[in-house]
Amino acid sequence: MEIKAIRGFNDILPDEIGKWQFVEETVREVFEGFGFDEIRIPILEKTELFIRGIGEATDIVEKEMYTFTDKGGSSLTLRPEATASMARAYLEHKLFTFDPVAKLYCIGPMFRYERPQKGRYRQFYQIDAEVFGVANPVVDAEVILMLIHFLRQVGLEKLELQINSLGCRECRPRYREELRAFLSKKSFQLCEDCQRRLQANPLRIFDCKVQSCQETIVDAPKVSDFICKECDHHFNRVKEHLSMAGLEYVLNPKMVRGLDYYTRTAFEVVSYDLGAQNAVTGGGRYDNLFQEIGGRDIPGIGFAIGMERLISLLPKNKGLKRPLDLFIAVQGKDGKQDAFRIAHQLHLERIRAEFDYEEKSLKSQMRRADKLNARYVLILGEEELKKGRAILRNMANQSQEEIPLQELVQILGRKILRD
Ligand code: HAM
């Protein structure tokens, strides 16, 4: 029986790869321009990192992690996100000794055992950016500005930036109790999962998709009404700086984010073109994460963009597959070796050239050139070859000219650049 890929794990096929490469190149250009450096972190980590980093009472840790015991008996987990791993790497390699401020990004696959549907997969890719070591609200605004600039650079429009403040260790416990008290009175309306969440982590109830839970939470107290003076001041400065940069945002007091490490600023970018899974990006500040995983008091802020969702929103003209520059067609038996030699010469010059490995009629070679969308076809005819010449056909307008083979690289180079 034919073996198929695992449910929720996708192949990214050559036809789509241009879009992925375009996005990745734009990430590098934009993020590096904002002072970020790339970091690459392992896909597997000790399970403990995510339990302590993301929080035990989150959906990710409770039910979505790919966790297994390796042959040495250690509990390992395929990373469900990158923030905790990046923070671990920053601590482990003492990156703060060079400069306390680190601006890092990474691109790669994440794994969550969620129910697959459009826009939600079990292996999905994230573009992740983090700033470690700055508590100042100016950096919150700067990170959001970079994110929006990047999304515009790849051609995304009709996006909405939603922001909220989730408070801190001082003020959030008070809010949590208030919320618990409010929801306890209506607990009979909550689904089984939320009845449990009510005790363990009532903020998670905001994320529940069950209709009766959504209705119950409508009038619930909002975290923004409970934040302390310092958190309020921080949030006002973030908003001021966003406005100063001319960025529009929507306040969403119900946005709580699905990971426990967040403090103060939280944000999401949603697209109304995406359907149910409409968040392209999620992020925020996490001033206690480092204490949870390593005992150091280091603030942090960042975001992650879901690449599949981003790519599904790209304009059609972005990241097109690179066309074939030249197809070499051979007339007669002796031209094969010339085709091989010329193709190799062109490959060294990074000109995409193809020829038929098997002997075929000229008609069938032209059909293949057409199918492969070749921009030019070089026809190696016996008579012309004797004179060191060949026919170059422009497939867009069907015009042809005879050219000296010695000048092929220069001629093609000029034409390809010009078109
Ligand atoms: P998150 O909200 O869990 O945050 O994920 C960020 C983005 O990843 C989502 O907005 C979505 O686009 C994409 N995403 C999440 N799960 C899936 C899935 N199953 N299939 C496809 N796309 C998905 C985080 O991961 C945080 N680490 C973000 C962050 C970085 N916060 C601070 N720094």
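Just so it is clear, the model here is predicted, and its values are computed rather than measured.

Participant: Describe the sheet that holds strand S9 (residues 265–271), listing the residues and the values that go with them.
Facilitator: Across the sheet, 8 strands lie side by side as S1-S5-S6-S11-S10-S9-S7-S8; this open sheet has mixed pairing. The sheet is open, and its two borders are formed by strand S1 (37–38) and strand S8 (250–251), each paired with just one other strand. Looking at chain direction, strand S7 (residues 159–165) and S8 are connected through 2 bridges and run parallel. In the sheet register, Ile163 faces S8, and the bridge partner there is Leu251. Strands in contact with helix H5 (residues 137–153) are strand S5 (102–111), strand S6 (123–132), S7, S9, strand S10 (279–285) and strand S11 (300–306); relative to S11, the strand with the most contacts, it is inclined by about 15°. Each of S7, S8, S9 and S10 is contacted by helix H9 (residues 229–244), which is oriented at about 160° to S7, the strand it contacts most.

Participant: Report on the site of the ligand, specifying residues and quantitative values.
Facilitator: Neighbouring the ligand are 27 residues; Glu81, Glu114, Tyr121, Arg257 and Tyr262 lie closest to it. Within the side chain of Arg257, a nitrogen or oxygen atom sits 2.9 Å from an oxygen atom of the ligand. At a separation of 3.1 Å, an oxygen atom of the ligand approaches a polar backbone atom of Val280. Relative to its unbound accessible surface of 660 Å², the ligand loses 95% to contact with the protein. Secondary structure elements with two or more residues in the shell around the ligand: S6, S10 and S11.

Participant: Talk me through the pairing of strand S15 (residues 389–394); I want residue IDs and the actual numbers.
Facilitator: When you tally the buried positions in S15, you get 5 out of 6 residues, the bulk of the element. Judged from the 4 bridges that link them, strand S14 (residues 376–380) and S15 form a sheet pairing that is antiparallel. Bridge pairing in S15 places Val377 opposite Arg393. One ladder, built from 5 bridges, connects S15 with strand S16 (residues 400–404); its direction is antiparallel. For Arg393, the partnering residue across the bridge sits in S16 and is Gln400. Taken together, S15 and the strand that follows it, S16, pair antiparallel across an intervening segment of 5 residues, in which Gln398 is found at a positive phi of about 65°.

Participant: Break down unusual backbone geometry for me, citing the residues and quoting the values.
Facilitator: Of all residues except glycine, most have a negative phi; of all peptide bonds, most are trans. Residues other than glycine seldom take positive phi values, yet Arg350 does so here, at roughly 60°. Relative to the assigned elements, Arg350 resides in the loop between helix H12 (335–348) and strand S13 (353–355). With relative accessibility at 71%, the residue Arg350 sits in the exposed group. We note that Gln398 has phi near 65°; this positive angle belongs to a residue other than glycine. Inspection of the secondary structure puts Gln398 in the loop between S15 and S16.

Participant: Can you tell me about the domain arrangement of the protein chain, naming the residues and giving the values?
Facilitator: Along its sequence, the protein chain is organised into domain 1 (14–171 + 227–313) and domain 2 (326–418). Centre-to-centre, using C-alpha coordinates, domain 1 lies 49 Å away from domain 2.

Participant: So what's going on with the environment of Val223? Residues and values would help.
Facilitator: As for its position among the elements, Val223 is in the loop between helix H8 (211–217) and H9. A relative accessible area of 2% places Val223 in the buried class. Counting along the chain gives 52 residues from Val223 to Cys171, while the straight-line C-alpha distance between them is 9.1 Å. Those residues within four positions of Val223 in sequence are excluded, and the remaining contacts are Asn164, Ser165, Leu166, Tyr175 and Pro253.

Participant: I'd like to hear about the packing of H5 against H9, residue by residue, with values.
Facilitator: Relative to each other, H5 and H9 sit at 40°, their axes nearing to 8 Å. Considered as vectors, H5 and H9 are oriented oblique to each other. You can see that H5 and H9 cross each other, and the crossing is right-handed. Across from Pro137, Val138, Asp140, Ala141 and Ile144 in H5, the residues of H9 making contact are His234, Arg237, Val238, His241 and Leu242. Looking at the contact of H5 with H9 residue by residue, the class counts come to 6 nonpolar, 2 polar and 2 charged.

Participant: Give a description of the pattern of salt bridges that names residues and reports values.
Facilitator: When the charged atoms of two side chains lie near each other, side chains of opposite charge can form a pair. Scanning the entire structure with this criterion turns up 28 salt bridges. For the salt bridge of Glu383 with Lys386, the shortest nitrogen-to-oxygen distance reads 3.5 Å. Here Glu383 and its partner Lys386 are both found in helix H14 (residues 382–386), 3 residues apart, which amounts to about one turn of the helix. By relative accessible area, which is 67% here, Lys386 ends up exposed. The closest approach of N and O atoms between Glu402 and Arg389, which form a salt bridge, is 2.7 Å. Within this pair, whereas Glu402 is found in strand S16, its partner Arg389 is found in strand S15, the two being separated by 13 residues in sequence. Judged by relative accessible area, which is 27%, Arg389 ranks as partly exposed. Salt bridges here are not isolated pairs; linked through shared partners, they connect Glu62, Lys63, Asp193 and Arg196.

Cut-offs applied
Residues numbered from 1 in each chain as written. Predicted model: local features only at pLDDT ≥ 70, side-chain atom pairs only at ≥ 80, totals over all residues. Heavy atoms only, no water. Pairing = 2+ DSSP bridges. Helix = DSSP H or I, 4+ residues; strand = E, 2+ residues; numbered from the N terminus. Contact = heavy atoms within 4.5 Å. Axes fitted to C-alpha atoms, helices over the stretch in contact; angles between N-to-C directions. Near = heavy atom within 4 Å. Polar contact = N/O pair within 3.5 Å; in protein donor to acceptor, adjacent residues only side chain to side chain. Areas by Shrake-Rupley, 256 points an atom, 1.4 Å probe, with all protein chains shown as cover. Buried < 20%, exposed > 50% of the residue type's maximum accessible area, 1.4 Å probe, protein only. Domains from an automatic or database assignment. Parallel < 35°, antiparallel > 145°, perpendicular 65-115°, else oblique. Left-handed = near helix turned anticlockwise from the far one by under 90°. Nonpolar A, V, L, I, M, F, W, Y, C, P; charged D, E, K, R; others polar. Salt bridge = Lys/Arg side-chain N within 4 Å of Asp/Glu carboxyl O.

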